[in-house]
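Chain residues, written in single-letter form:
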Amino acid sequence: MQMVREDRLPHALMLCGPQGSGKLALAVAFGCYLLEHPENSSLPEPAMLRKLEHPDLHFTYPTIKLPSMSSDHKPVSADFAREWHELIMQGPYFSMDQWMTAIKAENQQAIITAGESDELVRKLSLKSSQGGYKVSIIWLPERMNIECANKLLKLIEEPPRQTVFIMVSEEPEKLLETIRSRVQRIDIKKISDEDLKQALIERRGISEENALRISRMANGSWLKAIEALQADSENELFLDLYIQLMRLAYQRKIRDLRSWSETLAGFGREKQKRFLQYFLRMTRENFMYNFQQPELVYMSQREEEFARKFARFINEANVIAIYNLANQAIRDIGQNANSKIVFFDFTLQMIILLIAK
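Residues numbered from 1 in each chain as written. Predicted model: local features only at pLDDT ≥ 70, side-chain atom pairs only at ≥ 80, totals over all residues. Heavy atoms only, no water.

**As for the packing of aromatic side chains**
Using the criterion set out here, one finds 21 aromatic pairs in the structure. Ring plane angle 20° and centroid distance 6.2 Å describe the contact between Phe-30 and Tyr-33, whose orientation is recorded as stacked. Taken together, the residues span about one helical turn, with Phe-30 and Tyr-33 both in helix 2 (residues 23-35) at a distance of three residues. The burial state of Phe-30 is the same as that of Tyr-33; both residues are buried. (Phe/Tyr/Trp six-rings, centres within 6.5 Å; stacked < 30°, edge-to-face > 60°. Helix = DSSP H or I, 4+ residues; strand = E, 2+ residues; numbered from the N terminus. Buried < 20%, exposed > 50% of the residue type's maximum accessible area, 1.4 Å probe, protein only.)

**So, the packing of helix 12 (residues 234-251) against helix 13 (residues 254-265)**
At a closest axis distance of 10 Å, the pairing of helix 12 and helix 13 adopts a crossing angle of 155°. It follows that helix 12 is roughly antiparallel to helix 13 by the angle criterion. For the pair helix 12 and helix 13, the sense of crossing is left-handed. Here Leu-241, Gln-244, Leu-245, Leu-248 and Ala-249 of helix 12 lie close against helix 13, whose contacting residues are Asp-256, Leu-257, Trp-260, Thr-263 and Leu-264. Residue classes in the contact of helix 12 with helix 13 are distributed as seven nonpolar, two polar and one charged. (Axes fitted to C-alpha atoms, helices over the stretch in contact; angles between N-to-C directions. Parallel < 35°, antiparallel > 145°, perpendicular 65-115°, else oblique. Left-handed = near helix turned anticlockwise from the far one by under 90°. Contact = heavy atoms within 4.5 Å. Nonpolar A, V, L, I, M, F, W, Y, C, P; charged D, E, K, R; others polar.)

**A short note on helix 2**
What sets the pattern is the α-helix's 3.6 residues per turn: residues three or four places apart point alike. In this model helix 2 runs 18 Å from its N-terminal to its C-terminal C-alpha over 13 residues, within 8% of the 18 Å that 1.5 Å per residue would give. Within helix 2, eleven of the 13 residues are buried, leaving the element largely enclosed by the surrounding structure. Taken as a whole, helix 2 has its buried residues at Lys-23, Leu-24, Ala-25, Ala-27, Val-28, Phe-30, Gly-31, Cys-32, Tyr-33, Leu-34 and Leu-35. (Expected span 1.5 Å × (residues − 1).)

**Quick notes on the sheet that holds strand 5 (residues 184-187)**
The strand order across the open sheet formed by five strands is 2-3-4-1-5, and the pairing between neighbours is parallel. Here the strands that pair on one side only, and so sit at the sheet edges, are strand 2 (57-60) and strand 5. For this sheet the average axis-to-axis angle between neighbouring strands, irrespective of direction, equals 20°. (Pairing = 2+ DSSP bridges.)

**A short note on unusual backbone geometry**
Phi at Asp-7 takes a positive value of approximately 55°, unusual for a residue other than glycine. One non-glycine residue, Asn-336, adopts positive backbone phi at about 65°. Relative to the elements of secondary structure, Asn-336 occurs in the loop between helix 16 (319-334) and helix 17 (339-355).

**Overview of the side chain of Asp-56**
Note that Asp-56 resides in the loop between helix 3 (46-50) and strand 2. Ignoring sequence-local partners within four residues, the contact set of Asp-56 consists of Leu-35, Ser-128, Ser-129, Gln-130, Tyr-133, Lys-134 and Val-135.

**Things to note about the side chain of Thr-113**
By secondary structure assignment, the location of Thr-113 is in the loop between helix 5 (96-102) and helix 6 (114-124). Only 2.6 Å separates the side chain of Thr-113 from the backbone oxygen of Pro-75, close enough to count as a polar contact. If we skip the residues at most four places from it in the chain, Thr-113 touches Lys-74, Pro-75, Asn-145 and Cys-148. (Polar contact = N/O pair within 3.5 Å; in protein donor to acceptor, adjacent residues only side chain to side chain.)

**Concerning the state of the cysteines**
One pass over the full model with this rule turns up zero disulfides. With no disulfide of its own, Cys-16 lies 17 Å from the sulfur of Cys-148, the closest cysteine sulfur. Looking at Cys-16, the relative accessible area reads 2%, which means it is buried. (Disulfide = S-S within 2.5 Å.)

**As for the pattern of salt bridges**
For the coordinates displayed, the defined rule picks out 22 salt bridges. Across the salt bridge formed by Arg-82 and Glu-83, the nearest N and O atoms sit 3.2 Å from each other. Put simply, Arg-185 and Asp-187 hold a salt bridge, and the shortest N to O gap is 2.8 Å. Judged by its relative accessible area of 47%, Arg-185 is partly exposed. Where salt bridges share partners, they join Lys-74, Asp-118, Glu-147 and Lys-151 into one cluster. (Salt bridge = Lys/Arg side-chain N within 4 Å of Asp/Glu carboxyl O.)

**Remarks on the packing of helix 14 (residues 269-289) against helix 17**
Axis separation between helix 14 and helix 17 bottoms out at 13 Å; the angle between their running directions is 15°. One way to sum up the angle between helix 14 and helix 17 is to call them roughly parallel. Judged by the twist between their axes, the crossing of helix 14 over helix 17 is left-handed. Together, Gln-272, Leu-276 and Phe-279 of helix 14 and Ser-339, Phe-343, Phe-346 and Met-350 of helix 17 make up the contact between the two elements. Partitioned by chemical class, the residues of the contact of helix 14 with helix 17 number five nonpolar, two polar and no charged.

**Here we look at the environment of Glu-147**
Residue position: Glu-147 is located in helix 7 (residues 146-157). Residues Glu-147 and Phe-310, 163 residues apart in the sequence, show an inter-C-alpha distance of 48 Å. Not counting chain neighbours up to four residues away, the residues in contact with Glu-147 comprise Lys-74 and Ala-114.

**Things to note about the pairing of strand 4 (residues 163-169)**
For strand 4, the buried fraction is high: seven of the seven residues fall into the buried class. The two faces of strand 4 match: Thr-163, Phe-165, Met-167 and Ser-169 on one face and Val-164, Ile-166 and Val-168 on the other face are all buried. Bridge analysis of strand 1 (residues 12-16) against strand 4 gives five bridges, and the strand direction is parallel. What sits directly across from Ala-12, in strand 4, is Phe-165. For the segment spanning strand 3 (residues 134-139), helix 7 and strand 4, crossover handedness is right-handed. (Right-handed = clockwise from strand over helix to strand, strands pointing away.)

See the structure below:
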């Protein structure tokens with residue numbers, strides 16, 4: 001807002017930060033602020049902004065190719081406008097995985113195609129309907145393919161008049177350096193535990209003790225805090241799978257571990273990566289549990305109950321190797337490796353690493 005008041009608003013901003021820190025919420029709020037700014041010759045109706053249906057507010061996000069699309073069609077955001085609008089109207093805090101579920105694409109890798117950059121050129125070349133700014137919010141620009149990134153670079157270098165790009169990125173290092181050098185980066189920090197705790201108490205009506213535990217587990221993410229409140233939270237499934245893996249690996253039950261790996265292989269790739277991220281968190285928490293310093297541990301009550309007996313098996317002899325193993329699996333899954341092979345090898349390696357205790 002100060003940038004606008006002082007007339008030094010850059011034409012391209014990039015909000016960077018961890019998942020659940022409020023980057024998209026800030027981008028949407030700022031985009032709406034620009035569109036209702038008094039310098040506009042004709043103020044938009046508030047209802048248009050409340051419903052995020054303003055003709056000068058454009059959203060770009062990762063998409064997939066549906067079977068119904070022709071072979072030469074490059075998917076664009078407009079193909080999934082209904083699903084996007086339904087999701088964002090529920091609240092601007094959601095993950096890539098929730099978006100993939102919304103478009104029924106859990107087994108595909110979503111990207112932003114070159115067709116999207118062509119659409120942006122077409123939309124932004126039109127005159128503003130209200131005589132003011134045109135705002136382009138690009139969610140997860142790191143998922144652009146190289147053709148799209150190069151076309152977007154040209155658009156940022158020669159932006160249409162009174163156009164503001166607001167990128168919302170979780171992994172800015174994956175973007176072209178030439179794009180990163182042409183945007184003004186603003187880092188959005190994690191939400192403080194105290195702010196999360198107060199929000200949980202005031203907005204969700206839970207006790208202070210539960211709010212404290214959840215806020216510490218959420219690690220600065222409102223999204224994770226909300227997920228922890230859901231009775232059917234995916235974390236419960238992931239905890240069951242984590243416990244099962246560790247018990248079977250310790251007991252060296254190869255046949256059961258194969259079944260376990262086939263269960264994981266049946267998940268979509270995004271869900272597989274989510275489990276591996278959960279695995280990394282639990283590995284860290286179990287290692288830290290050994291130091292008997294409660295302020296260093298961020299676990300749910302059920303996770304902590306398991307850690308009481310299991311934590312000693314994650315120690316200095318194997319923690320780094322286990323961490324590296326999970327990160328390698330994340331890379332393999334991201335590169336479309338055969339998930340059955342990835343997870344079965346993962347389980348066999350875990351047998352060896354647990355013996356290293």
